[in-house]
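One letter stands for each residue in the lines below.
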Amino acid sequence: MKDYIEERAISIANYIIDSNATVRQTAKTFGVSKSTVHKDVTDRLMQINPSLAKQARQVLDVNKSERHIRGGLATKEKYLHQLNGMG
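Cut-offs and rules
- Residues numbered from 1 in each chain as written.
- Predicted model: local features only at pLDDT ≥ 70, side-chain atom pairs only at ≥ 80, totals over all residues.
- Heavy atoms only, no water.
- Helix = DSSP H or I, 4+ residues; strand = E, 2+ residues; numbered from the N terminus.
- Rg over C-alpha atoms; globule rule 2.2 N^0.38 Å.
- Buried < 20%, exposed > 50% of the residue type's maximum accessible area, 1.4 Å probe, protein only.
- Phe/Tyr/Trp six-rings, centres within 6.5 Å; stacked < 30°, edge-to-face > 60°.
- Core = buried A, V, L, I, M, F, W, Y, C linked by side-chain atoms within 4.5 Å.
- Contact = heavy atoms within 4.5 Å.
- Polar contact = N/O pair within 3.5 Å; in protein donor to acceptor, adjacent residues only side chain to side chain.
- Salt bridge = Lys/Arg side-chain N within 4 Å of Asp/Glu carboxyl O.

Asker: I'd love a proper account of the overall build of the protein, names of residues and values included.
Answerer: Within the protein one finds 4 helices and 0 strands. Taken from N to C terminus, the helices and strands of the protein fall in the order α-α-α-α. Its C-alpha atoms give the protein a radius of gyration of 16 Å, more than 25% over the compact-globule value 12 Å for 87 residues. In terms of overall dimensions, the protein has C-alpha extents of about 60 × 25 × 20 Å along its principal axes. Counting only residues that meet the buried cut, the protein has 23% of its 87 residues in that class.

So, in structure tokens, the structure goes:
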């Protein structure tokens, strides 16, 4: 594996852990796709640093379990703004 890919995988994992970031937020920050973030954390990082990979995975699992709540809140916020704009 190329050095820069290993460094990116480690950086991505540290970012996810430190900022409690989602896959989308991480992808946007690093300028890579969501699938690259996922592959870095699940596959590549397990070969480089398994304990760091597990920590990052835990954060992503929590975010994934809460995403339906975030989506509902975002939709609620959207409609509240639309209602306030009409009145």
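Asker: Mind laying out the packing of aromatic side chains, listing which residues take part and the relevant values?
Answerer: In this structure the tally under the stated criterion is 1 aromatic pair. Ring centres of Y15 and F30 lie 5.6 Å apart, and the angle between their planes is 75 degrees; on these two criteria the pair is classed as edge-to-face. Remark: F30 occurs in helix α2 (residues 23–30) and Y15 occurs in helix α1 (residues 3–19); sequence separation between them is 15 residues. On the basis of relative accessible area, F30 is assigned to the partly exposed category, the value being 28%.

Asker: Before we move on, can you summarise the nonpolar core with the specific residues and values?
Answerer: Within the largest apolar cluster, 13 residues are counted, with the highest numbers of intra-cluster contacts made by I12, A13, I16, V37, V41, L45 and A56. Those elements that place two or more of their residues in this core are α1, α3 (34–48) and α4 (50–86). Among the elements that make up this core, the one with the highest residue count is α4 (5 residues). When sequence neighbours within four positions are dropped, the list of residues in contact with V41 reads I12, I16, M46, A53, A56, R57 and L60.

Asker: Explain the side chain of N63 to me, and be specific about the residues and the numbers.
Answerer: Here N63 is to be found in helix α4. N63 gets classed as buried once you look at its relative accessible area, which sits at 5%. Within polar-contact distance, the side chain of N63 engages the backbone oxygen of A21 at 2.8 Å.

Asker: Kindly report on the pattern of salt bridges, identifying the contributing residues and their values.
Answerer: One pass over the structure, following the stated rule, counts 4 salt bridges. Where D43 meets K39, a salt bridge forms, and the shortest distance between an N and an O atom there is 3.2 Å. Here D43 pairs with K39, and both are found in helix α3, just 4 residues apart, close to one helical turn. Taking the shortest distance from any N to any O, the salt bridge between R57 and D61 comes out at 3.0 Å. Taken together, the positions of R57 and D61, both in helix α4 and 4 residues apart, correspond to about one turn of that helix. Judged by its relative accessible area of 28%, R57 falls in the partly exposed class. The partly exposed category is assigned to D61, whose relative accessible area is 37%.

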